[in-house]
Amino acid sequence: MQEILRLQKKIVPELVEVLEKRYNILRTIFLNQPIGRRVLANELSLSERVVRTEVSFLKGQGLIEVNTPGMNVTKSGEEIVDKLSGFIHEVRGLSDIEQDIKEKLSLKDVLIVPGDVDSNSSILKDIGKAASNYLKKIIKSNSVIALTGGSSVKEVVESFEIIRNISNVLVVPARGGMGRNVEVQGNTLVASLAKKVNGTYKMLHVPESVSLEILNSLKEEKSIKEVVESIHNADIFVYGVGNAFEMAHKRGLSDESISKLAELKAVGEAFGCYFDKDSKVVSNTTAIGINIDEARKINTHIVVAGGKNKVESIIVTQRNNKNGVLVTDEATGREILRRLNEAK
């Protein structure tokens, strides 16, 4: 297939360009339906004239419907989006990038979706879909799944399709809550995913940042002990990563703690652990839940992150994570590989 693609690019490069353009239009309609032409043009940074022409073609092929609320993708269109995704993946040479990143960071696997999440926020839905598909493949009866909160993990849960062929699955939050946005908190996502896998869930009603005295007291509570024990028995771990200082502010760390992170030269953060440029854990927040030692025992880490501002954080948190499956977007993947090559 790669040889055929190389020949196509040399002999009829315009064919590949048109294919990619129409795929992007169809996929964007699918992710945002119903959507109007003007909004679609803005999403893809195309002129309304170009969008009008392409929409007319897609409608003529029976791939979309145009109604008063906006455009929707037909069943045939959905099949095209699904089948073309793998082709576009190969056209852009993403398999080679995945393999290079996997080898250079010593990861279990790398999944890259086409596009740039920084210029098209809907790509985050594609990242979530790719991660949820991977989760669906590995989840089995009696699995224990630990989740953190966050917008990236929320996309994974929302994209996950209901399954009923497994039993006795337990879903637990990896750590206490973070921030005021209930929709992206671990407890909320845990309950949502448990329903989709016909499983059960446990909640961890502990603030992300509490005093050490209160923390020690809470650790002795029977209900919390039971949840923590379940977290430690997890065989699948789903989480996002971020910039150390952005996450420190989100977690409500004190100015003194943030200054300490600066002294320790923290770069990236994952599940409450702060890593320096050498991938060493320099700080670990005291919240109840998973820690780095427990995390390393979990068989599979599904790490969901996109955006060039997270490139360094992805590298430092995932280097030598032999259980890690990184799911990201094309632009982020290319930048990760560029920096890894420069670091030789």
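Residues numbered from 1 in each chain as written. Predicted model: local features only at pLDDT ≥ 70, side-chain atom pairs only at ≥ 80, totals over all residues. Heavy atoms only, no water.

> Lay out the pattern of salt bridges in plain terms, naming residues and giving numbers.
Charged atoms that come close allow side chains of opposite charge to pair. Under the criterion given, the structure shown has 16 salt bridges. Taking the shortest distance from any N to any O, the salt bridge between Glu335 and Arg339 comes out at 3.0 Å. With a gap of 4 residues between them, Glu335 and Arg339 both fall in helix α16 (residues 330-342), about one helical turn apart. For Glu335, a relative accessible area of 14% puts it in the buried group. Under the relative-accessibility criterion, Arg339 is labelled partly exposed at 29%. Several salt bridges converge on common partners, so that one network encompasses Glu20, Arg92, Glu330 and Arg334. (Salt bridge = Lys/Arg side-chain N within 4 Å of Asp/Glu carboxyl O. Helix = DSSP H or I, 4+ residues; strand = E, 2+ residues; numbered from the N terminus. Buried < 20%, exposed > 50% of the residue type's maximum accessible area, 1.4 Å probe, protein only.)

> I'd like a rundown of the nonpolar core, residues and numbers included.
Core analysis: the biggest nonpolar cluster contains 41 residues, and Ile101, Phe237, Phe271, Ile290, Leu326 and Ile336 have the highest contact counts within it. Contact partners of Ile290, with chain neighbours within four places excluded, come to Ala174, Arg175, Ile231, Phe237, Phe271, Ala295 and Ile298. Counting residues in hydrophobic clusters, the runner-up holds 31 residues, among them Ile123, Tyr134, Ile166 and Val304. (Core = buried A, V, L, I, M, F, W, Y, C linked by side-chain atoms within 4.5 Å. Contact = heavy atoms within 4.5 Å.)

> Please give an account of a positive patch on the surface that cites residues and values.
A cluster of basic residues, Arg37, Arg49, Arg52 and Lys59, forms a positive patch at the surface. Per-element tally for the positive patch: the top contributor is helix α4 (residues 48-60), with 3 residues. Locating Arg37 in the fold gives a position in helix α3 (residues 37-44). (Patch = residues over 30% accessible without salt bridge, like charges linked within 9 Å, V, L, I, M, F, W, Y side chains within 5 Å. Areas by Shrake-Rupley, 256 points an atom, 1.4 Å probe, with all protein chains shown as cover. Lys, Arg positive; Asp, Glu negative; His and termini not counted. Charge placed at Lys NZ, Arg CZ, Asp CG, Glu CD.)

> I'd love a proper account of the layout of surface pockets, names of residues and values included.
Its boundaries defined by the atoms lining it, the largest pocket holds a volume of some 970 Å³. Every residue lining the largest pocket is counted, 26 residues in all, and those nearest its centre are Asp82, Asp126, Lys129, Ala130 and Asn133. The greatest single-element share of the lining of the largest pocket, amounting to 7 residues, is contributed by helix α7 (residues 123-138). (1 Å grid on protein atoms, 1.4 Å probe; cavity = no way out; pocket = protein on both sides within 12 Å on 5 of 7 lines; lining within 4 Å. Points joined across faces, edges and corners; volume = space filled by probe spheres on them.)

> Describe unusual backbone geometry, listing the residues and the values that go with them.
The residue after Gln33, namely Pro34, is reached through a cis peptide bond having omega -5 degrees. Of note, the phi angle at Ser106 is positive, near 60 degrees, even though the residue is not glycine. If you trace the backbone, Ser106 turns up in the loop between α6 (94-105) and β3 (109-113).

> Talk me through helix α8 (residues 151-159); I want residue IDs and the actual numbers.
Across the 9 residues that make up α8, a large majority, 7, are buried. Of the residues making up α8, those classed as buried are Ser152, Val153, Lys154, Glu155, Val156, Val157 and Ser159. On its buried face, α8 is in contact with α7, β4 (144-147), α9 (186-196), β7 (236-239) and β12 (300-304).

> I'd love a proper account of the pairing of strand β5 (residues 170-173), names of residues and values included.
On β5, burial covers both faces: Leu170 and Val172 on one face and Val171 and Pro173 on the other are all buried. Examined bridge by bridge, β4 and β5 share 4 bridges and lie parallel to one another. Directly across from Val144, in β5, lies its bridge partner Leu170. Once the chain exits β4 it traverses α8 before rejoining the sheet at β5, and the crossover so formed is right-handed. In the sheet, β5 pairs with strand β6 (residues 200-201) via 2 bridges, with the strands oriented parallel. Counted as the bridge partner of Leu170 is Thr200 from β6. (Pairing = 2+ DSSP bridges. Right-handed = clockwise from strand over helix to strand, strands pointing away.)

> Tell me about the packing of aromatic side chains, and please be specific about residues and values.
According to the stated counting rule, one finds 3 aromatic pairs in the structure shown. For the ring pair Phe237 and Tyr239, a centre distance of 4.5 Å and an interplane angle of 40 degrees mean the geometry is tilted. No difference in accessibility class separates Phe237 from Tyr239, as the two residues are buried. Lying over the aromatic face of Phe57, Arg22 brings its terminal NZ or CZ to 3.8 Å of the ring centre. (Phe/Tyr/Trp six-rings, centres within 6.5 Å; stacked < 30°, edge-to-face > 60°. Lys NZ or Arg CZ within 6 Å of the ring centre and 35° of its normal.)

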